[in-house]
Amino acid sequence: MPTPKSKVSNGGAISAFVETSVNPEREQVFNAFRQWGYLEGDLDPLGFLRPRPTPELQIEGEYAREARAIYSSTIGLEINHIYNPERRRWIYEQMESPDSEVTEKAQARILDLLIRADIFEQVMQQRYLGSKRFSLEGVTALIPLVDELLDTGSRLGATELVMGMSHRGRLNVIAHVAKRSPEEIFAGFEDVDPRSVLGSGDVKYHMGATGEYTTYSGNKVHIHLVSNPSHLEAVDPVTVGRTRAKQDRTGEGGREKYLPLLVHGDAAFAGQGILAETMNYADLPGYTVGGTIHVVVNNLLGFTTSYVEEHSTRFAACIARRQSIPIFHVNGEDVDAVVRVARLATEYRYRFGTDVVIDLIGYRRHGHSEVDDPTITQPLLYKKIKEHPPLWEIYADDIGATDAQAQAAAIKAEFESSQKDAGKITKKPLMRDLPNYWDQYYGGLHKQEFEVETGISIEELSELTSHLTTYPAGFHIHPKVKKLLEQRAEMGTGKRPVDYGMAEALAFASLAKAGIPVRLSGQDSRRGTFNQRHSVLIDIENENEYVPLENIAPGQARCGIHNSTLSEPGVLGFEYGYSRDYPEALVLWEAQFGDFVNVAQAIIDQFISAGEAKWNLLSGVVMLLPHGYEGQGPEHSSARIERFIQLAAKHNIQIAQPSNAAQYFHLLRRQALRHWRKPLVVFTPKSMLRHADASSPIADFTRANFQNVIPDNEVEQADRILVCTGKIGHELQAERKKRKDTSTAIVFLEQLYPFPEKELVAEFARHGDKGEIVWVQEEPANMGALFNMLPRLQRIAGNRHVLSVKRSSSASPATGSAKAHEVEQKTLLTLAFTTKG
Ligand SMILES: Cc1ncc(C[n+]2csc(CCOP(=O)(O)OP(=O)(O)O)c2C)c(N)n1
Ligand SMILES: [Mg+2]
């Protein structure tokens, strides 16, 4: 709602505050309430969260009366943890100035929103008894809250709200924030088109939605509600990453235009670590979105669990105290206070560019879902709730609206008519539009026509190399880095074989030069865990930075390499989100070791591998996962190839292990240049990073394509064909040489999925049809790609026997002893050449 000018641009107001602050007695009293007032606040509509008597507040007198009315009221301000005094002061100033008058027109709008929110739920309840809708009733003030947030946001520059939320009230938000027609939403309950989604699709309260919102002031804001899995809070980093991509696409002004909003449940907010990971990078340059507004839809319950069992803190929102950001607790039944807090929080976000938390405290009118009976676990609470009127009735009384009942009846009739119309819809509504930057990109099964050439000319390689290996005059380079750059200069000009680090730099540089943005983030990714990347040069005298990849050509695209926070799900979720709104870019996430990728399993399972099947939403995100058995123990060996292979179906993802530097180069370029947008999982090398056997001659960079299968051209008509991926293949080649073996072929399967059957059949055919095919892997028998490869190889083996060589089944991926590792590895190599069926 409109605010007095002084509240938005209030340099003057702050000085007024300073003036009133000179009365030391008043200041002392106020300070006590500013700090602790929220503990005695009237924050819970049902009164279960009792005010906490606080010694500092046991003060009487005029100032105490005044301060108590502000700080121990229906708004509880928790900001003692904010470091910046001017930010605290700004908030105190806002709290201590009278709130703007809510006009009659604004009250009517709020009442209408409240009635709609409640009646919408009731109509669904009547018609679809027994199906889950996760009613908003009890916290319906969320709708006027978002209404105000959009009004204030749009006045400060927002043109799009990027919103992530879970189940609670989602259908209501789709109707009343994303403004999808009730018919569409009701049609979701009718399940009109089951045949179209056999084995795929998602439930109605997970689907994303887009729409247009008209604010109170008449501004239009595009709404983008992000698709979301059941896994609570998993959508947080995805929403933030999506926002960042939209902001980056826009360039200047992006932070103002795209406003992120995350709506959380109280139990989830307190309990799920991924939220803490997401908040932790909120202010870091590589990840910031200029502040996310968080709303905790706090019904003081998580399913059957009461708030005292949910968290060790007084409020679920307390986890946010780690950040230097405000937490506004607000009684969800004082709607004017809710609206005021929404305005304050939004202004704060725009003024200071940080996250803000609104803790909207209400209750839950029904069970967790509507098929659940809450009187079994919270009998007294639900007795009270049963007698408690809906919020719109309370608000109507407060503002003296006499025709609210008639209004509610009219709105009910409106929804009931929509429901009848929903029955006529015969195709499941989509509820969203895709931005046009997706027009050029495809999902579905792979087609040969998607392929593109990925090689570049010797001249271009040489030119890119000159930019990658030079730095400004006067830059004090570290001697080790100097040497590395000298070696890279030789690599790029054909004087020495190219290693992985240089191959990657050439891939990134060539793409950026061609206008394709590159974004890579991961732990220590700027230098590279294995000292292999050195994407940022650091002056040893002043720590100034120089990024060769940003200095390839005038007008090049952005090439940003970021050291991430020490998080896997938070950062991978962000990069997945980023890829969702930047299909043109090559977006990569790198694990420190592939072993740590399982910390992010929910992002992989719920978004990366299933996003297309569930929501028809594509992503080209790349995961770089260092993998290989090198005697470094159970947690520095395996990126769990088996997990990814198991997730692969219907060409949902690509899984590759490039065995040499040029292959890595072509794979990265293919991912960016093809318009087939599929997540790519790359098992990357560790010990092979600089190994001569895995380095490539410069000529291989001019070759046309990535090879899904590398044939063995050294052996003709082999008796035995070893099929393998990555490092073990190089070790097998060395073993073959040692044995002076001339009858064993070693074939590298560079792409595990989609399985390159045609290429493999062709390679087998070159060797006739006698002898054995042996799948060789480093991983134990219950891990790696074995279980998936054996039936595939058997199908194409013809007359050959299919055997396998692997470590014995094991509960742990690898031994902790380097010596035991060596013995095992030697045994594998011997068996590969000797095992018989
Ligand atoms: C990661 C995860 N764990 C468990 C669940 C099962 N679950 C669904 S809703 C819910 C309770 C959520 O409580 P809260 O966050 O307070 O939201 P509310 O339903 O009260 O709005 C639980 C445990 C889940 N969906 N996701
Ligand atoms: Mg809850």
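Above: the structure in question.
Residues numbered from 1 in each chain as written. Chains lettered and ligands numbered in written order. Predicted model: local features only at pLDDT ≥ 70, side-chain atom pairs only at ≥ 80, totals over all residues. Heavy atoms only, no water.

(A) View of the site of ligand 1. In the vicinity of ligand 1, 15 residues are found, and the nearest of them are His-167, Arg-168, Ser-230, Asp-266 and Leu-301. Taking Ser-230, its main chain carries an N or O atom lying 2.9 Å from a nitrogen atom of ligand 1. One nitrogen or oxygen atom from the main chain of Ala-268 is found 2.9 Å from an oxygen atom belonging to ligand 1. The fraction of the free accessible surface of ligand 1 (580 Å²) that becomes covered by protein chains is 73%. Sorting the residues of the shell around ligand 1 by element identifies α12 (266-271) and β7 (301-302) as the ones contributing at least two each. In terms of residue class, the shell around ligand 1 is made up of 5 nonpolar, 8 polar and 2 charged. (Near = heavy atom within 4 Å. Polar contact = N/O pair within 3.5 Å; in protein donor to acceptor, adjacent residues only side chain to side chain. Areas by Shrake-Rupley, 256 points an atom, 1.4 Å probe, with all protein chains shown as cover. Helix = DSSP H or I, 4+ residues; strand = E, 2+ residues; numbered from the N terminus. Nonpolar A, V, L, I, M, F, W, Y, C, P; charged D, E, K, R; others polar.)

(B) Broad picture of the layout of surface pockets. In this structure, the largest pocket encloses a volume near 700 Å³. Together, 27 residues line the largest pocket, and Ser-200, Gly-201, Glu-612, Ala-613 and Asn-616 are the ones closest to its centre. Across the lining of the largest pocket, the residue classes break down as 11 nonpolar, 8 polar and 8 charged. Looking at the second largest pocket, its volume works out to about 600 Å³. Around the second largest pocket sit 24 residues that line it, and Lys-480, Val-481, Leu-484, Asn-531 and His-534 are the ones nearest its centre. Elements represented by at least two residues in the lining of the second largest pocket include exactly α20 (479-492) and β12 (537-538). (1 Å grid on protein atoms, 1.4 Å probe; cavity = no way out; pocket = protein on both sides within 12 Å on 5 of 7 lines; lining within 4 Å. Points joined across faces, edges and corners; volume = space filled by probe spheres on them.)

(C) View of unusual backbone geometry. The omega angle of the peptide bond from Tyr-753 to Pro-754 is -10°, so this bond is cis rather than trans. Not every positive phi belongs to a glycine, and Lys-179 is a case in point at roughly 65°. In this structure, Lys-179 sits in the loop between α8 (170-176) and α9 (182-190). For Lys-179, a relative accessible area of 43% puts it in the partly exposed group. Positive phi, close to 65°, is recorded for Asn-531, a residue that is not glycine. The topology assignment puts Asn-531 in the loop between β11 (518-522) and β12. For Asn-531, a relative accessible area of 38% corresponds to the partly exposed category. (Buried < 20%, exposed > 50% of the residue type's maximum accessible area, 1.4 Å probe, protein only.)

(D) Quick look at the sheet that holds strand β3 (residues 209-214). A sheet is described by the order of its strands in space; here 8 strands give the open sequence β1-β9-β10-β6-β5-β2-β4-β3, paired in mixed fashion. Strands at the two margins of the open sheet, each flanked by one partner only, are β1 (75-78) and β3. Geometrically, the sheet is characterised by an average inter-axis angle of 20° between neighbouring strands, direction not taken into account. Alignment of strand β2 (residues 160-165) against strand β5 (residues 258-265), held across 6 bridges, turns out to be parallel. Looking at the pairing, Gly-164 lines up with Leu-262 of β5. (Pairing = 2+ DSSP bridges. Axes fitted to C-alpha atoms, helices over the stretch in contact; angles between N-to-C directions.)

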